Amino acid sequence: MVAVKEERSIEEGLLKLKNQNGASDCRITACVFLSTFVAICGSFSFGVSLGYTSGAEVGMIKDMGLSIAEFSAFGSFSTLGATFGALFSGKMAIMLGRKGTMWVSDILCITGWLCIAFAKDVLWLNIGRFSSGIGLGLISYVVPVYIAEITPKHVRGTFTFSNQLLQNCGLAMVYFCGNFISWRMMAFLGALPCFIQGIGLFFVPESPRWLAKAGTDKELEISLLRLRGRDADISSEASEIQVMTKMLESGSKSSFSDLLQRKYRHTLVVGIGLMLIQQFSGSTAVLCYANTIFRKAGFSVAIGSTLLSIFVVPKAMIGLILVDKWGRRPLLLTSACGMSLFCMLIGLAFTLQKMQLLSELTPVFTFICVTLYIASYAIGVGGLPWVIMSEIFPMNMKVTAGSIVTLASWSSSSVITYAFNFLLEWSTQGTFYIFGAVGGAALVFIWFLVPETKGLSLEEIQLSLIREPDEIYHT
């Protein structure tokens, strides 16, 4: 009874603080821009790794004498390493802080890319791919969490979605440069943003939410002043963070059994479900093996990869612009609908090719559908699961929940990455029909279960989800 009264008093305090938000909520300072840029440098390396197998496939198989099975294994080692990194991502982000975790990921990614660049045999290729994969597993969790925790609520979605934008920049570089530079040189380019991030982290503040959990109130205020401006009134925001942290710390601890409590179950289902949708709708397979798809369709690989490199960055800008205007749910629904539709059309194109009907149109039609599929993915399903993951889990549950969700993403990605080439051998059209069906199921999942979090502070989101999840579904 005492605990209930204490929780109610804390909630009342949060409601009062919500009505006292000052100008500091709306300020976007140079420090916020710099901190976000430094964080998303790791996302550029993420994008390079994602598209690396597409750009490096022909040259690597030729130079290293790899079989299809060996090259598929090489591609999947990144996601396998990321699965391993995901196991420790949440715990490391709590123990070392958000910045410390990014430093560790930089070391692992740089080591991995250099192993690939200087590899003399398949063993070193796989070691390098696995090492960089571990780093990517850490990056995929900590970058969106860090950005969500430092940005004002009215632009949090836009800034967190920039993580997806930089991934697409890395992807575009690989698609474009793969036409005229070697796979070893592309590995060097993958390591470069990690060097930049490692240096830049010395000049940006730690997450104020992590500092509150660590109990360093003075450092929390210093961090907020750097992020909101030296003349900003940060007392209301600091109090809100401290009160919510106190409320959560007095309740459940970060363990798997606590995560299964009724009040946390919904957020866990949403987090894991969105990650499974992201992977089993075929996104990683299409991005990693776009050139393979073009080759099977009879479309020029050089032209296809060059056009994709031009297209992938502008289409990512659409989601960046709309995420804080439309909201998360409309973009996710639009994205899933587009992915499902264009996968079905790709399957239809390969069906017609197999039946030797309209064979002259199949290559161009396939390219257009792949391009539109990637565009649909980029505006929602590509980045928003990570945005929502960074928002819905309370601080005391981010260690366990974040690790489980990231693990779900990378383990399923590993399965898809390894199996895709074999699925194409089984049935090219059937593979895309399966991906399309998953996209259709995603629409139902998003409509009934995924909440809208636009315009709410992290503390408001977490309080609403814990108390009354249905209240913010259609905000």
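Structure first, text after, so check above.
Residues numbered from 1 in each chain as written. Predicted model: local features only at pLDDT ≥ 70, side-chain atom pairs only at ≥ 80, totals over all residues. Heavy atoms only, no water.

**Here we look at the overall build of the protein**
Here's step 1: Counting its regular elements, the protein contains 21 helices and zero strands.
Here's step 2: In the protein, of all internal contacts separated by at least 6 residues, the share reaching a separation of at least 24 is 85%.
Here's step 3: When the accessible surface of the protein is totalled, it reaches about 17800 Å², and 69% of it is carbon and sulfur. (Helix = DSSP H or I, 4+ residues; strand = E, 2+ residues; numbered from the N terminus. Contact = heavy atoms within 4.5 Å. Areas by Shrake-Rupley, 256 points an atom, 1.4 Å probe, with all protein chains shown as cover.)

**Some details on the environment of Phe350**
Here's step 1: Examined against the element boundaries, Phe350 turns out to sit in helix α16 (residues 328–354).
Here's step 2: Given the relative accessible area of 2%, Phe350 is considered buried.
Here's step 3: C-alpha of Phe350 to C-alpha of Pro363: the two residues are 13 residues apart in sequence and 9.3 Å apart in space.
Here's step 4: The residues contacting Phe350, other than those within four sequence positions of it, are Ile293, Lys296, Ala297, Thr366, Thr428, Gln429 and Phe432. (Buried < 20%, exposed > 50% of the residue type's maximum accessible area, 1.4 Å probe, protein only.)

**Looking at the packing of aromatic side chains**
Here's step 1: With the rule as written, the count across this model stands at 19 aromatic pairs.
Here's step 2: When the centroid spacing of 6.1 Å and the interplanar angle of 35° are considered together, the rings of Phe71 and Phe74 count as tilted. Remark: Phe74 and Phe71 occur in helix α3 (residues 68–95); sequence separation between them is three residues, near one turn of the helix. Residue Phe71 shares its accessibility class with Phe74, and that shared class is buried.
Here's step 3: An aromatic cluster of at least three residues, connected via ring pairs, comprises Tyr289, Phe350, Phe420, Phe432 and Phe435.
Here's step 4: The ring of Trp447 carries Arg329 above its face, with NZ or CZ at 5.4 Å from the centroid. (Phe/Tyr/Trp six-rings, centres within 6.5 Å; stacked < 30°, edge-to-face > 60°. Lys NZ or Arg CZ within 6 Å of the ring centre and 35° of its normal.)

**Observations concerning a nonpolar patch on the surface**
Here's step 1: Taken together, Leu34, Phe37, Leu192, Phe195, Ile196, Ile199, Phe202 and Phe203 make up a surface patch of nonpolar side chains, about 850 Å² in accessible area.
Here's step 2: Mapped by element, the contributors of at least two residues to the nonpolar patch are α2 (30–64) and α7 (183–200).
Here's step 3: The element best represented in the nonpolar patch is α7, accounting for four residues.
Here's step 4: Overall, the relative accessible area of 62% leaves Phe202 in the exposed class. (Patch = residues over 30% accessible without salt bridge, like charges linked within 9 Å, V, L, I, M, F, W, Y side chains within 5 Å. Salt bridge = Lys/Arg side-chain N within 4 Å of Asp/Glu carboxyl O.)

**What about helix α9 (residues 217–228)?**
Here's step 1: For α9, spanning twelve residues, the distance from its first C-alpha to its last is 16 Å, which sits close to the expected 16 Å at 1.5 Å a residue.
Here's step 2: Looking one or two residues beyond α9, the residue adopting positive phi is Gly229, at roughly 110°. (Expected span 1.5 Å × (residues − 1).)

**Quick look at the pattern of salt bridges**
Here's step 1: With the rule as written, the count across this model stands at five salt bridges.
Here's step 2: Salt-bridge contacts for Glu391 lead to Arg156; the nearest nitrogen and oxygen are separated by 2.8 Å. With Glu391 in helix α18 (residues 384–392) and Arg156 in helix α6 (residues 156–177), the pair connects residues that are 235 residues apart, well separated along the chain. Residues Glu391 and Arg156 agree in their burial class; the two are buried.
Here's step 3: The residue Glu425 makes a salt bridge to Lys296 at a minimum N-O spacing of 3.9 Å. Here Lys296 lies in helix α14 (residues 290–297) and Glu425 lies in helix α19 (residues 398–426), a separation of 129 residues in the sequence.
Here's step 4: By relative accessible area, which is 31% here, Lys296 ends up partly exposed.
Here's step 5: Each member of the salt-bridge network shares a partner with another, and the members are Arg156, Arg328 and Glu391.

**Remarks on the state of the cysteines**
Here's step 1: This structure, assessed with the given rule, holds zero disulfides.
Here's step 2: For Cys109, which is in no disulfide, the shortest distance to another cysteine sulfur is to Cys194 and amounts to 4.4 Å. (Disulfide = S-S within 2.5 Å.)

**A few points about the environment of Val145**
Here's step 1: Tracing the backbone through its elements, the reader meets Val145 in helix α5 (residues 122–150).
Here's step 2: Residue classification places Val145 among the buried residues on the basis of a relative accessible area of 1%.
Here's step 3: In this structure, Val145 is in contact with Arg98, Met389, Ser390 and Lys398, ignoring residues within four places of it in sequence.

**Some details on the environment of Ser283**
Here's step 1: Along the chain, Ser283 turns up in helix α13 (residues 283–288).
Here's step 2: Taking relative accessible area as the criterion, Ser283 reaches 1% and is therefore assigned buried.
Here's step 3: Residues Ser283 and Ala378, 95 residues apart in the sequence, show an inter-C-alpha distance of 9.6 Å.
Here's step 4: Each residue touching Ser283, except ones within four places of it in the same chain, is listed here: Gln278, Met339, Tyr373 and Tyr377.

**Quick notes on the side chain of Thr79**
Here's step 1: Take Thr79: it is sitting in helix α3.
Here's step 2: Judged by its relative accessible area of 5%, Thr79 falls in the buried class.
Here's step 3: Looking at Thr79, its side chain comes within polar contact range of the main-chain oxygen of Ser76, at 2.8 Å.
Here's step 4: With residues up to four places along the chain from it excluded, the contact list for Thr79 reads Trp410, Ser413, Ser414 and Thr417. (Polar contact = N/O pair within 3.5 Å; in protein donor to acceptor, adjacent residues only side chain to side chain.)

**Some remarks on the packing of α18 against α19**
Here's step 1: Between α18 and α19, the shortest axis-to-axis distance is 10 Å and the interhelical angle comes to 165°. Between α18 and α19, the crossing angle belongs to the class labelled roughly antiparallel. Both α18 and α19 take part in a crossing whose hand is right-handed. Where α18 abuts α19, its residues Trp386, Met389 and Ser390 lie against Lys398, Val405, Thr406, Ser409 and Trp410.
Here's step 2: When the residues that make up the contact of α18 with α19 are grouped by side-chain class, the tally is four nonpolar, three polar and one charged. (Axes fitted to C-alpha atoms, helices over the stretch in contact; angles between N-to-C directions. Parallel < 35°, antiparallel > 145°, perpendicular 65-115°, else oblique. Left-handed = near helix turned anticlockwise from the far one by under 90°. Nonpolar A, V, L, I, M, F, W, Y, C, P; charged D, E, K, R; others polar.)

**Concerning unusual backbone geometry**
Here's step 1: The phi dihedral of Gln356 is positive, around 60°, even though this residue is not glycine.
Here's step 2: Mapped onto the elements, Gln356 comes out in the loop between α16 and α17 (362–379).
Here's step 3: Overall, the relative accessible area of 69% leaves Gln356 in the exposed class.

**Quick notes on the side chain of Glu206**
Here's step 1: For Glu206, the position within the fold is in the loop between α7 and α8 (208–213).
Here's step 2: Although Glu206 is buried, it makes no salt bridge; Arg98 carries the closest opposite charge, 5.3 Å away.
Here's step 3: A distance of 3.2 Å separates a polar side-chain atom of Glu206 from the backbone nitrogen of Arg98.
Here's step 4: Every residue in contact with Glu206, bar those within four places of it in the chain, is listed here: Leu96, Gly97, Arg98, Lys99, Tyr146, Leu211 and Ser223. (Lys, Arg positive; Asp, Glu negative; His and termini not counted.)

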